[in-house]
Amino acid sequence: VKPETGFCGAAVFPAPVRLECGPGVTALGDWSKMGAMECYSGGVWYRKTVALAARQAGGRTTLDLGRVVATAEVRVNGQLAGIRVAPPWTVDITEWVKPGENRIEVLVFNTLANHYVTIPTRYRGDLASGLLGPATLIVTTPSGHGAASAETKAGDRITSKDSPSIGRTADAGP
């Protein structure tokens, strides 16, 4: 693009620039460091289906999201399980899990800081955005000896390093 005299920055474009976001695949991590997502302010869905044995589903199940910037809404099998706007980024999802396959969805919204880098403003916030993780599903099952319990990880540890994970399928958009 060659700007006309007197035009600079975004003013060189004769019409608004549109970026269409749709379903995509990304890893857990800071989406502000992912190319076109650098200036994106909005929400992203992270989704994963995990299978729980009957014994696991009968225990206590906690989703530990690790680190989130800035808010998280957790849904399990289509039901709202919790909303978090500050640490600790954990949600007890015991009430919503069942034996067999369970769909876990986390909707993360960042702040307007990313959008503000595209316009003249004095506001400058932290650009970090997303489900930074590591996200872990923790299942505590009865040990069969009364009050004692054993902690086991259900399925796999949900991280960007070793999974198709809650974070491997992310949909950017409203």
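Quick look at the structure, then.

Reading guide: rules and limits
Residues numbered from 1 in each chain as written. Predicted model: local features only at pLDDT ≥ 70, side-chain atom pairs only at ≥ 80, totals over all residues. Heavy atoms only, no water. Helix = DSSP H or I, 4+ residues; strand = E, 2+ residues; numbered from the N terminus. Core = buried A, V, L, I, M, F, W, Y, C linked by side-chain atoms within 4.5 Å. Buried < 20%, exposed > 50% of the residue type's maximum accessible area, 1.4 Å probe, protein only. Phe/Tyr/Trp six-rings, centres within 6.5 Å; stacked < 30°, edge-to-face > 60°.

Description of unusual backbone geometry
A cis amide bond links Pro 87 to the next residue, Pro 88, at an omega of 5 degrees. Mapping Pro 88 onto the fold places it in the loop between β6 (79-84) and β7 (90-92). Residue Pro 134 follows Gly 133 across a cis peptide bond; omega there is -5 degrees. Structurally, Pro 134 is set in the loop between β9 (130-133) and β10 (136-142).

Some words on the nonpolar core
One finds Tyr 46, Leu 63, Leu 65, Val 74, Ile 93, Val 106 and Val 108 to be the most contacted residues of the largest nonpolar core, which totals 27 residues. The set of elements that each furnish at least two residues to this core consists of β2 (43-52), β5 (71-76), β8 (100-109) and β10.

Topic: the packing of aromatic side chains
Aromatic ring pairs: the centre-centre distance and the angle between the two ring planes describe each pair. Evaluated as defined, the whole model comprises 2 aromatic pairs. Aromatic pair Trp 31 and Tyr 40: ring centres 6.1 Å apart, planes at 55 degrees, arrangement tilted. In this structure, Trp 31 and Tyr 40 share a single accessibility class: buried. Pairing Tyr 116 with Tyr 123 gives two aromatic rings, centres 5.1 Å apart and planes at 75 degrees, and the pair type is edge-to-face.

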